[in-house]
Amino acid sequence: MKPANSLLSAAGTTIFTVMSALAMRHQAINLGQGFPDTEGPRDVVEAAAAALLDQRNQYPPLTGLPELREAVAAANRRFYGLEIDPAAGVVVTSGATEAITACLMALLNPGDEVVLMEPLYDTYMPVVRLLGATPRLVRLQPPHWDLPRAELAAAFGPRTKLLLLNTPMNPTGKVFTPEELGFLAGLLQRHDAYAVCDEVYEHLVFAGARHVPLMTLPGMAGRCLRIGSAGKTFSLTGWKVGYVSGPPDLAGLVAKAHQNLTFATPPNLQRAVALGLAKPEAYFAELAEDLRRQRDLLAAGLERLGFRTLPAQGSYFITADFAPLGFAGGDLAFCEAITA
Ligand code: PMP
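Residues numbered from 1 in each chain as written. Predicted model: local features only at pLDDT ≥ 70, side-chain atom pairs only at ≥ 80, totals over all residues. Heavy atoms only, no water.

Things to note about the site of the ligand
- Within the structure, the ligand sits among 14 residues, and Thr97, Asp198, Tyr201, Lys232 and Lys240 are positioned closest to it.
- Between aspartate 198 and the ligand, the recorded distance is 2.6 Å, taken from a side-chain N or O atom to a nitrogen atom.
- Tyrosine 201 places a side-chain nitrogen or oxygen 2.6 Å from an oxygen atom of the ligand.
- Burial of the ligand by the protein chains amounts to 93% of its free accessible area of 400 Å².
- At four residues, the largest contribution of residues to the shell around the ligand is made by helix α5 (residues 95-107). (Near = heavy atom within 4 Å. Polar contact = N/O pair within 3.5 Å; in protein donor to acceptor, adjacent residues only side chain to side chain. Areas by Shrake-Rupley, 256 points an atom, 1.4 Å probe, with all protein chains shown as cover. Helix = DSSP H or I, 4+ residues; strand = E, 2+ residues; numbered from the N terminus.)

What about the pattern of salt bridges?
- Tallied over the full model, the rule gives 22 salt bridges.
- Here arginine 42 and glutamate 46 are joined by a salt bridge, their closest N and O atoms 3.1 Å apart. Remark: glutamate 46 and arginine 42 occur in helix α3 (residues 42-52); sequence separation between them is four residues, near one turn of the helix.
- Between arginine 78 and glutamate 281 there is a salt bridge, with the nearest N and O atoms lying 3.6 Å from each other. Placement of arginine 78 in helix α4 (residues 66-80) and of glutamate 281 in helix α12 (residues 281-305) is noted, with a sequence separation of 203 residues between them.
- Each of the salt bridges in this network shares a partner with another, and the network as a whole consists of Glu286, Glu289, Asp290, Arg292, Arg293, Arg295 and Asp296. (Salt bridge = Lys/Arg side-chain N within 4 Å of Asp/Glu carboxyl O.)

Here we look at the domain arrangement of the chain
- Each assigned domain of the chain is listed with its residue range as follows: domain 1 (1-33) and domain 2 (43-277).
- Taking only C-alpha atoms into account, the centre of domain 1 sits 25 Å from that of domain 2. (Domains from an automatic or database assignment.)

What to know about the sheet that holds strand β2 (residues 113-118)
- Judged by pairing direction, the sheet is mixed, and its seven strands sit side by side in the order β1-β7-β6-β5-β4-β2-β3 without closing on themselves. The open sheet is flanked by β1 (90-93) and β3 (134-139), the only strands paired with a single partner. Sheet twist, expressed as the average angle between the axes of neighbouring strands with direction ignored, equals 20°.
- As defined by bridge partners, strand β4 (residues 160-166) adjoins strand β5 (residues 194-198) across five bridges and the pair is classed as parallel. Paired with asparagine 166 across the bridge in β5 is aspartate 198.
- Its contacts with the sheet put helix α8 (residues 178-190) on β2, β4 and β5, and the angle it makes with β4 is roughly 165°. (Pairing = 2+ DSSP bridges. Axes fitted to C-alpha atoms, helices over the stretch in contact; angles between N-to-C directions. Contact = heavy atoms within 4.5 Å.)

Some remarks on the packing of aromatic side chains
- Summed over all chains, the structure comprises 13 aromatic pairs.
- An angle of 80° between the planes, with centres 5.8 Å apart, marks the rings of phenylalanine 307 and phenylalanine 334 as edge-to-face. Of this pair, phenylalanine 307 sits in the loop between α12 and β8 (308-309) while phenylalanine 334 is found in helix α13 (residues 331-339), placing the two residues 27 residues apart along the sequence.
- For phenylalanine 307, a relative accessible area of 13% puts it in the buried group.
- When the ring of phenylalanine 327 is compared with that of phenylalanine 334, the centres are 5.3 Å apart and the planes differ by 75°; the resulting orientation is edge-to-face.
- By relative accessible area, phenylalanine 327 is classed as partly exposed at 32%.
- The buried category is assigned to phenylalanine 334, whose relative accessible area is 7%.
- Taken together, the ring pairs in this structure connect Phe79, Tyr80, Phe234, Tyr283 and Phe284 into an aromatic cluster.
- In this structure, arginine 149 is placed above the aromatic ring of phenylalanine 183, and the distance from its NZ or CZ to the ring centre is 5.0 Å. (Phe/Tyr/Trp six-rings, centres within 6.5 Å; stacked < 30°, edge-to-face > 60°. Buried < 20%, exposed > 50% of the residue type's maximum accessible area, 1.4 Å probe, protein only. Lys NZ or Arg CZ within 6 Å of the ring centre and 35° of its normal.)

As structure tokens, then:
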């Protein structure tokens, strides 16, 4: 038989599947895959249930229900002062995962280069490669995850089509500062490149840090596609409802990619997410505060066991250094040893 797709054939099983199976086998606590242990706001879940019984079960419009596109545009204005056209500048997708792929499909041609910062979320590289583009990786270093500015400047070149930026960042917990974003904006402008901004943790930011979308910086509104996730914002990760905001010319291309990926996203869930995005400020503040309490509890527990933990400014993640425990072996071997 002829070989199937070589990139996919060469890819292994994701580490989430490996560790979840191991945790299940040994009835261990599973800290591998990030998801909340609560169910999300009751009124949002009830709105989805009601929509199922209210004839919201046929194909919705390609780019999303008008009420959700309006809600996404309103949230952009309320939280960041961004003006997004709800009719032509928003595309609702089946999770941020689809949004990332759709944005990359919208912008990349084979041979283009994409600048990414490591450590990074696991879907980025395979999709960049499947589209025939070349990743240019720059690694941030613990404990401060500072921007390696010279390396970043060197990674940009005439073939750079886009920067894939994740802030708040999985898995470092870093929230990029306005000053750091300004540096990246300068590179984008100098090299006439786009940015795909994965901001799924936008509302999971702790005191002392503030989430700033790159899109709000001068000259960036026409170059950025900004991705949000209802899964993260409403602690309903299984729903897989995402949204892309951007200038109409770019959002129109994202819609064409979405048309060929899933075409549409469940309308009942879309209606509920529209209601969720209109929630008062207190909901979003409590979401972050609740997660901060859990971060502090987990960090204190890990420190008591002898791990060294790094500060996390946002997201679901904490970085824990197991070196002080004296384990002889790498990170994967350590995780397998403590699970089994
Ligand atoms: N981007 C990042 C950085 C993530 O951590 C995740 C979820 N783990 C996603 C995107 C995917 O979000 P969704 O579940 O909405 O597809």
